[in-house]
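What follows is each chain in one-letter form.
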Amino acid sequence: MTDNDNIIDIPSLQWYPGHMRKAERLVKENLKLVDVVVELLDARIPMSSANPVLREIVGGKPRLIVLNKADLADETMTRAWVKYFAWQGITAVPVDAVKGRGVKELVQAIAKCAKPKTDKLVQHGAKARAARCMILGIPNVGKSSLINRLSGGTKTKVENRPGVTRAKQWIRLGAQLELLDMPGILWPKFEDQQAALHLAFTGAINDNVYDVAGVVLLLLDTLRTKYPVVLSERFRLEGELPSGVMLLEEIGRKRGCLRAGGKINYEKTEQIILTDFRSGRFGRITLDVLPTDSST
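Just so it is clear, the structure is predicted and the values come from calculations on it, not from any experiment.

Rules of the game
- Counting restarts for each chain: residues are numbered from 1 in the order of the written sequence.
- Note on the predicted model: pLDDT of at least 70 is required for a residue's local features to be given, and 80 or more for side-chain atom pairs to be given and counted; whole-chain, interface and lining totals, by contrast, use all residues.
- Excluded from the side-chain calculation are hydrogens and water; included are all heavy atoms of the structure.
- In DSSP terms, a helix is any run of H or I states spanning at least four residues, a strand is any run of E spanning at least two, and both are numbered starting from the N terminus.
- Think of it in three bands: with a 1.4 Å probe and only protein chains considered, a residue is buried below 20% of the maximum accessible area for its type, exposed above 50%, and partly exposed in between.
- The contact criterion used is simple: two residues touch if any of their non-hydrogen atoms lie within 4.5 Å.
- Methods summary: accessible areas were calculated by the Shrake-Rupley approach with a probe of 1.4 Å, and residue burial reflects only the protein chains presented.
- Strand pairing is assigned whenever DSSP identifies at least 2 bridges connecting the two strands.
- We call a crossover right-handed when, viewed with the strands running away from us, the connection from the first strand over the helix to the second turns clockwise.
- Only buried residues count toward a nonpolar core. Its members are Ala, Val, Leu, Ile, Met, Phe, Trp, Tyr and Cys residues joined through side-chain atoms within 4.5 Å.
- Note on aromatic contacts: the rings of Phe and Tyr and the six-membered ring of Trp form a pair at centre separations within 6.5 Å, being stacked when their planes are under 30 degrees apart, edge-to-face when over 60 apart, and tilted otherwise.
- One side-chain nitrogen of Lys or Arg within 4 Å of one carboxyl oxygen of Asp or Glu is enough to make a salt bridge.
- What a helix should span is 1.5 Å times the count of its residues minus one.
- Pairs of N or O atoms within 3.5 Å make up the polar contacts considered here, provided that, within protein, one atom can donate a hydrogen while the other can accept it, and that residues adjacent in sequence are counted only when both atoms are side-chain atoms.

**Things to note about the overall build of the protein**
What the protein contains, in helices and strands, is 10 helices and 7 strands. Per-residue burial over the protein gives 48% buried out of 296 residues. Considering only contacts in the protein between residues 6 or more positions apart, those separated by 24 or more positions represent 70%. Total accessible area computed for the protein in this model is approximately 15000 Å², and 50% of it derives from carbon and sulfur atoms.

**What to know about the pairing of strand 3 (residues 92-95)**
Relative to strand 3, strand 2 (residues 63-68) runs parallel, the two being bridged by 4 bridges. Within the sheet, the bridge partner assigned to Leu-67 lies in strand 3 and is Pro-94. A crossover connection joins strand 2 to the parallel strand 3 through helix 3 (residues 75-87); in handedness this β-α-β unit is right-handed.

**Focus: the pairing of strand 4 (residues 131-136)**
Remark: a regular strand shows side chains that alternate across the two faces of the sheet. Counted residue by residue, strand 4 has 6 buried out of 6 residues, so it is predominantly covered. Covered by surrounding structure in strand 4 are Ala-131, Cys-133 and Ile-135 together with Arg-132, Met-134 and Leu-136, the residues of both alternating faces. As paired strands, strand 1 (residues 36-42) and strand 4 are joined by 4 bridges and run parallel to one another. Note that in strand 4 the partner of Val-38 across the bridge is Ile-135. Bridge count between strand 4 and strand 7 (residues 177-181): 3 bridges; the pairing is parallel. Looking across to strand 7, one finds that Arg-132 is bridged to Glu-178.

**Looking at the side chain of Asp-276**
Secondary-structure assignment places Asp-276 in helix 10 (residues 266-278). Given the relative accessible area of 3%, Asp-276 is considered buried. Each residue touching Asp-276, except ones within four places of it in the same chain, is listed here: Arg-234, Phe-235, Arg-255, Arg-281 and Phe-282.

**Section: the nonpolar core**
Leu-106, Ile-110, Leu-146 and Leu-150 are the most contacted members of the largest nonpolar core, which has 58 residues in total. The dominant element in this core, judged by the number of residues it contributes, is helix 7 (residues 212-226), at 7 residues. If we skip the residues at most four places from it in the chain, Ile-110 touches Val-36, Val-38, Leu-64, Ala-131, Cys-133 and Leu-177.

**Observations regarding unusual backbone geometry**
For Lys-69, which is not glycine, the phi torsion reads 60° and is therefore positive. With respect to the helices and strands, the residue Lys-69 is situated in the loop between strand 2 and helix 3. Unlike most non-glycine residues, Arg-236 shows phi in positive territory, near 55°. With respect to the helices and strands, Arg-236 occurs in the loop between helix 8 (228-235) and helix 9 (244-254). By relative accessible area, Arg-236 is classed as exposed at 67%.

**Here's the deal with the packing of aromatic side chains**
This model, assessed by the stated rule, comprises 6 aromatic pairs. When the ring of Phe-277 is compared with that of Phe-282, the centres are 6.2 Å apart and the planes differ by 55°; the resulting orientation is tilted. This pair shows no difference in class: Phe-277 is buried, exactly as Phe-282 is. Ring pairing ties together the aromatic residues Trp-81, Tyr-84, Phe-85 and Trp-87, which thus form one cluster.

**A short note on the pattern of salt bridges**
All told, the structure shown has 15 salt bridges when counted by the stated rule. Taking the shortest distance from any N to any O, the salt bridge between Glu-178 and Arg-172 comes out at 3.1 Å. On the accessibility criterion, Arg-172 (34% relative accessible area) is partly exposed. A salt bridge links Asp-221 to Arg-224; its shortest N-O distance comes to 3.1 Å.

**Focus: helix 7**
Taking 1.5 Å per residue as the helical rise, helix 7 with its 15 residues ought to reach 21 Å, and the 21 Å between its terminal C-alpha atoms agrees with that figure. Among the residues of helix 7, those classed as buried are Val-212, Gly-214, Val-215, Val-216, Leu-218, Leu-219, Leu-220, Asp-221, Thr-222 and Leu-223. Buried positions along helix 7 lie against helix 6 (193-202), helix 8, helix 9 and helix 10. Between a side-chain oxygen at the N-terminus of helix 7 and the backbone nitrogen of Ala-213 the separation is 3.3 Å; the capping residue is Asp-211.

What follows is the structure in structure tokens.
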């Protein structure tokens, strides 16, 4: 975690065993219809935003990773994560789905990953076709933005195919790619408190299910430890940064978050900090560190 030893209780309310089993079953049932599985991660927290059981679900199906929101992540760390995944034999593509950066490279990577399958089909007499994929990821990693960017804002549904129910739709994403879009989404288990905190920091967990005040204090402690200059510059703080509530109060005063009598409006200050962090106003920040078994 951070230097702070306090553990904020992020309850497992977002972990639904029944829902997870249903999502797993849905993915497994449709794996045979796609050539590639695209795992969508938040580039700021590549490990925390990964579903811990996805590898088991996907099995031997070709898989590649999208490090979305790369524009918000530390560029040096993103390059290191790309190398780390390459070391594992997985292609990872940094993408900014909102502005479209990296999307062309992603389409090429998917086509390359699918080529052994599409080539084999042609060799067996089938007509050449676009690569087919499914995109999996937890909420708030930008799945909708990525699909919209891939499709140019116009999602064209492909004709019905055998074995595809009405609950599942094929979407044509340009000439080279087709996406099997399905209902349901995979949530990670929140057994790892550090991962849960990182998900809370980035907004992947609903703010209504945990102690926002405590999480904001831990976010400030993380930034004070890892990115002190960034924190000081963002809020125009001078000298050595205080810790805990004192730091929160100083930020509140700098931002004019005051109630009658000059008292700090803690809730408003907390929301400013969360909004600034999640929108990238602190600059490029990566919270997850590379695993110690990495060769990078």
